[in-house]
Amino acid sequence: MKFSTYFILLSYLMAGTGLLSVGLTGVLGLPFFALITGITVFSFFINIKGKTLGISKFIWNGLALIILPAALADYFFISMSLIDVSIRFLTILMAAKLFDLRTNRDHAILYILTFFQLLAAAVSTINISFLFVLALYILIGIWTLTIFNLKKEWEEKSLAHGEIGRNILSPYFFIATAGLAALSLIITLSLFFVIPRMGVGLFPRKTADTLKVSGFSETIDLGDLGPVKLDPTIIMRVELHDYKVSAIPHFYFRGMAFDSYNGTQWQQTDTTSGRINLARRDNGIFASETTAGTAARNLLKQVVLLEPVETSVLFAATAVVGIAGNFKNVAADKAGAFYLPAPSYSRIEYTAYSAIPSPPENTIPDGEYLKDVPAQYLHLPSGFESVQLLARKITADKKTPMDAAIAIGEYLKNNYRYNLSPAKGEGRDPLDDFLFYAKEGYCEQYATAMAVMLRTIGIPTRLVTGFLPGEWNRVGNYFIIRGRDAHSWVEAYMPNSGWVTFDPTPSVEAAGITMPAKMPAILLYVDVLKWKWNRYIINYSFTDQIKLSRALEEKGRLLLSDLRRSLPINKLSAANSRQKAAYLSIVAVTVAILIFIIIIMTAQKLKNDAGWLKIPMFYKNMIRLLAKRGKIKNAGDTALEFADAVNIEEVKAITDIYYKVRFGGYRLTDEEKGDIAVYLENIKNKK
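Given the structure is predicted, the values throughout are model-derived calculations rather than measurements.

## Let's talk about the sheet that holds strand 1 (residues 219-221)
- Strand order in this open sheet of three strands is 1-5-4, and the pairing throughout is antiparallel. Strands with a single pairing partner mark the edges of an open sheet, and in this sheet they are strand 1 and strand 4 (260-261).
- As defined by bridge partners, strand 1 adjoins strand 5 (residues 265-267) across three bridges and the pair is classed as antiparallel. What sits directly across from Thr219, in strand 5, is Gln267.

The structure is reproduced here in C-alpha cells:
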C-alpha cells in the first residue's frame with residue numbers, strides 16, 4: 001500500500017470513530033446519521049483516487065457561513081440544547097471538511113473536529129459502548145498523529161523527494177502504537193478516578209427516550225399491566241447487601257399503593273398534595289418520621305440502578321424506610337411509597353433501606369383494631385353484594401382476619417386460571433366478570449378480587465403495584481428486573497401486625513405459563529459490565545473517591561505490615577548486634593552495586609540513543625541499505641573508516657556530506673538534496 005493511500009485511510013478512520021461516537025448519543029437520528037455516513041463513504045472514494053470536486057475555498061467558506069446561522073436557529077427554535085446543536089454542527093463541518101483535504105492543515109482541522117465530537121459524545125451519552133469507542137479513538141489517534149507528524153517532517157526536512165518508503169510501517173511500529181494507546185487509556189482512567197468529582201450540571205446526562213410502564217400513576221385501570229407483562233425491557237437492576245434472597249419472605253419491589261376502588265379503576269385519595277417532603281438526615285438518608293427509629297440491624301440495603309421511567313416512584317423492597325441518593329428532594333406518602341419531585345429523564349442510582357418483615361401474628365382482633373385505619377381502606381361503592389356473599393362463604397369458619405385473608409388467597413389460586421389475555425364474559429363490571437364468568441386473568445384481577453372481598457367482610461386493604469424480583473444475575477449478584485416482572489398484590493391490615501403482604505396470584509409455573517429462557521452466561525457477563533460501567537463510571541462521585549482512597553490506604557498499611565514481618569532482618573531479632581551489622585552491610589553494598597550498574601547502563605543507552613537521533617536521515621538510510629547487502633557498520637567504526645572499508649564512491653560522497661551537516665552545521669541546497677537521492681538510489685541498485 002502506498003504511503004499516501006495509507007495516510008488517507010488513517011484520516012478516515014479518525015473521522016469514522018468521531019462519527020461513531022456522536023452516533024451513540026442518539027442526537028443525530030437514524031436518517032441524518034445514515035446520510036452523513038453515505039457522504040463520508042462517497043468522499044473516501046474521491047480522496048483515495050486522488051481526485052477533487054474542484055470547489056474553491058470561497059465556496060467552502062460560504063458554506064461554513066451558512067452552517068453557523070443554521071446551528072443558531074437550531075438552538076433557539078428547535079432543540080434548545082447547546083450540546084445537541086454542537087453535535088450536529090461538528091458532524092456537518094466534519095463531513096464538509098472531508099471534501100477539502102488538500103494540505104496538512106486541512107487534515108489537522110479534521111482531527112480537531114473529531115476530537116470535539118468525542119468530547120461532545122462524552123458528556124451526552126451513558127452508553128457503555130462509548131468506552132470501546134474511546135479506546136478505539138485513542139489507538140487510531142496515536143497511530144494517525146504519529147504518521148501525520150512523520151509525513152510533515154519528511155516533507156519539510158527529507159533530502160529525498162517522493163513518498164516515504166513502505167518499510168517504515170513495520171510491525172514494530174504498530175506494536176509500539178498499540179502500547180502507547182493502552183498506556184494512554186490506563187493514564188486516562190487513573191486520572192478519572194483521582195481528579196476530584198465536582199458535579200456542576202453544565203451538561204446534564206439525559207437519554208432520548210423514557211420507558212412507559214403502566215401501573216405507577218395516580219390511577220390504574222384493570223387491564224393496564226397485561227401488555228406490560230409481555231415487555232422484556234430492563235427496568236432496573238437491584239444489588240442486595242448483607243442478606244441472602246432466600247432469607248427474606250414476600251420479596252417484592254414495591255412501587256405505590258392505591259386505596260380507592262370505584263368498580264373499574266383504582267385511585268389514590270392522597271395524591272401529590274398528600275405527600276410529605278422529607279429532610280435529609282446526617283447520614284444522607286431521606287427517612288420518614290414513622291420509620292426513623294427502625295433498628296439498623298433489621299434493614300435490608302439495596303443499591304438500585306433505575307432506567308429512565310415515566311414515573312416519579314422510587315422502587316424498593318417491601319417496607320422501605322429510607323432512600324439515599326444524589327437527590328435534592330424526596331417525598332413520601334402515608335402508604336409508604338417514596339417519590340422524586342418529577343420523573344427522571346436519565347438513568348439514576350440510589351440506595352434503599354427496607355425493614356425486614358417479621359412473621360405476622362394470627363390473633364383475634366379487639367375493639368381497638370380499626371381505630372387508626374382511615375375509612376378509605378374499607379370503602380366500596382354499591383353493587384358488590386354477590387362478591388360479599390362469596391367472601392363470607394369462603395371465610396365462614398375463620399376466626400381471625402389472618403385466617404380469612406389466607407383462605408381467600410388460596411381460593412383464588414386454586415379456582416381461577418392465570419391468563420394474560422383473559423376471555424370477555426358477561427359480567428356487569430371487570431371484577432364481576434373475573435369472579436363469576438371468565439374465571440381467568442392476571443395479577444390485577446386476582447389482587448383486586450382479594451382486596452374487594454376482604455373489604456366486604458371488614459378487613460382494610462389496599463392494592464399495591466411494583467415488580468417481582470425477576471432474574472438473579474449470579475455473576476454480578478444482583479436482580480435484573482424487566483417490564484414483564486411488573487406485578488400487583490394486596491396489603492391487608494392485621495391486628496397487632498399492621499399492613500401485611502398477600503399475593504393471591506398463582507405463580508406462572510403453577511399456572512402452566514412458559515417462562516422466558518434465562519440469559520446465557522455470556523450475556524450475564526455483559527450485563528455485569530453495564531452495571532459496573534454505570535456504578536463506577538457514570539455515577540462515580542466524590543463520596544466514592546473518599547471510599548476508594550480509604551480502602552487503598554488500608555490495603556497499603558496491611559501490605560507494608562506483611563512486608564515488615566516477612567523481611568529476613570526480623571528473623572535476626574534474637575541474633576547479636578555484630579551479626580545484624582554484617583547482614584545490613586552486605587545488603588547495603590549489594591543494593592549500591594545494583595544501582596550503580598543500572599545508572600551506568602542507562603546513561604550509556606541514553607548516550608547512544610542521543611547520538612543516533614542526531615544523525616541525518618539520509619545517512620541512516622544509507623546504513624540501512626548497506627546492511628541489507630551484508631555491509632554492517634560496527635559500533636566502534638567511525639564514518640570515514642566504514643566508508644573506506646566499503647569502498648563505494650557514493651558512500652564516500654554521502655559520508656563527506658554527513659560530516660559537514662552533523663558537525664559543521666551546514667544547510668544543504670536543493671541541488672545537493674537531489675544528488676543525495678541519486679546516490680542512495682545507486683547504492684540500492686548496485687549488485
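## Description of the sheet that holds strand 8 (residues 299-306)
- The sheet built from seven strands is open, its strands ordered 7-11-14-8-2-19-18 with antiparallel pairing. Every interior strand has two partners, whereas the edge strands, strand 7 (286-287) and strand 18 (471-473), have only one.

## Quick word on the packing of helix 16 (residues 617-628) against helix 17 (residues 639-646)
- Remark: helix 16 packs on helix 17, axes separated minimally by 13 Å, with the N-to-C direction vectors making an angle of 40 degrees. Accordingly, the angle class assigned to the pair helix 16 and helix 17 is oblique. The hand of the helix 16/helix 17 crossing is left-handed. Contacts from Tyr619, Ile623 and Leu626 of helix 16 reach helix 17 at Ala639, Phe642 and Val646.

## Remarks on the pairing of strand 19 (residues 478-482)
- Strand 19 sits mainly inside the fold: five of its five residues count as buried.
- Where burial is concerned, the two faces of strand 19 agree: the one with Tyr478, Ile480 and Arg482 and the one with Phe479 and Ile481 are both buried.
- Sheet topology places strand 2 (residues 234-241) next to strand 19; five bridges connect them, and they run antiparallel. Its bridge partner lying in strand 19, Glu239 is registered against Tyr478.
- Here strand 18 folds back onto strand 19 in antiparallel fashion, the turn holding four residues, of which Asn477 has a positive phi close to 60 degrees.

## Looking at the environment of Lys49
- With respect to the element layout, Lys49 can be found in the loop between helix 2 (30-48) and helix 3 (57-79).
- A C-alpha to C-alpha distance of 8.7 Å links Lys49 and Thr5, two positions 44 residues apart in sequence.

## Looking at the packing of helix 16 against helix 19 (residues 670-685)
- Where helix 16 meets helix 19, the closest approach of the two axes is 10 Å, and the angle between their N-to-C directions is 10 degrees. As far as their axial angle goes, helix 19 and helix 16 are roughly parallel. On helix 19, the residues touching Phe618, Asn621, Met622, Leu625 and Leu626 of helix 16 are Ile676, Leu680, Ile683 and Lys684.
- Class assignment for the residues of the contact of helix 16 with helix 19 results in seven nonpolar, one polar and one charged.

## Overview of the pattern of salt bridges
- In this structure the tally under the stated criterion is 13 salt bridges.
- The salt bridge partner of Glu307 is Arg237, with a shortest N-O separation of 3.4 Å. Placement of Glu307 in the loop between strand 8 and strand 9 (313-314) and of Arg237 in strand 2 is noted, with a sequence separation of 70 residues between them.
- According to the relative accessible area criterion, Arg237 is buried, its value standing at 5%.
- Between Lys686 and Glu650 there is a salt bridge; the shortest N-O distance is 3.8 Å. Taken together, the residues Lys686 in the segment after helix 19 and Glu650 in helix 18 (residues 649-664) connect sequence positions 36 residues apart.

## A look at the nonpolar core
- In this structure, Met236, Tyr350, Leu412, Leu435, Met453 and Phe467 are the most contacted members of the largest nonpolar core, which totals 86 residues.
- Ranked by residues supplied to this core, first place goes to helix 12 (residues 443-456) with nine residues.
- If near-sequence neighbours (up to four positions away) are discounted, Tyr350 is found in contact with Gln302, Val303, Val304, Leu306, Leu314, Phe315, Ile323, Ala324, Gly325 and Phe327.

## Here we look at the pairing of strand 17 (residues 461-467)
- The buried count for strand 17 comes to seven of seven residues, which makes it a mostly enclosed element.
- Along strand 17, one buried face is formed by Thr461, Leu463, Thr465 and Phe467 and the opposite face, lined by Arg462, Val464 and Gly466, is buried too.
- Of the pairings in the sheet, the one linking strand 17 to strand 20 (residues 486-494) comprises seven bridges and is antiparallel in character. Across the sheet, residue Phe467 finds its bridge partner in strand 20, namely Ala486.

## Thoughts on the packing of aromatic side chains
- If you walk through the whole model with that rule in mind, you get 24 aromatic pairs.
- With 4.9 Å between their ring centres and 35 degrees between their planes, Tyr261 and Trp266 make a pair best called tilted. Across this residue pair, the class does not change: Tyr261 and Trp266 are buried.
- Three or more aromatic residues link up through ring pairs in this structure, and these residues are Tyr369, Tyr377, Tyr493 and Trp499.

Rules and cut-offs
Residues numbered from 1 in each chain as written. Predicted model: local features only at pLDDT ≥ 70, side-chain atom pairs only at ≥ 80, totals over all residues. Heavy atoms only, no water. Pairing = 2+ DSSP bridges. Helix = DSSP H or I, 4+ residues; strand = E, 2+ residues; numbered from the N terminus. Axes fitted to C-alpha atoms, helices over the stretch in contact; angles between N-to-C directions. Parallel < 35°, antiparallel > 145°, perpendicular 65-115°, else oblique. Left-handed = near helix turned anticlockwise from the far one by under 90°. Contact = heavy atoms within 4.5 Å. Buried < 20%, exposed > 50% of the residue type's maximum accessible area, 1.4 Å probe, protein only. Nonpolar A, V, L, I, M, F, W, Y, C, P; charged D, E, K, R; others polar. Salt bridge = Lys/Arg side-chain N within 4 Å of Asp/Glu carboxyl O. Core = buried A, V, L, I, M, F, W, Y, C linked by side-chain atoms within 4.5 Å. Phe/Tyr/Trp six-rings, centres within 6.5 Å; stacked < 30°, edge-to-face > 60°.

Such coordinate-based values are descriptive only and should not be taken to indicate function.
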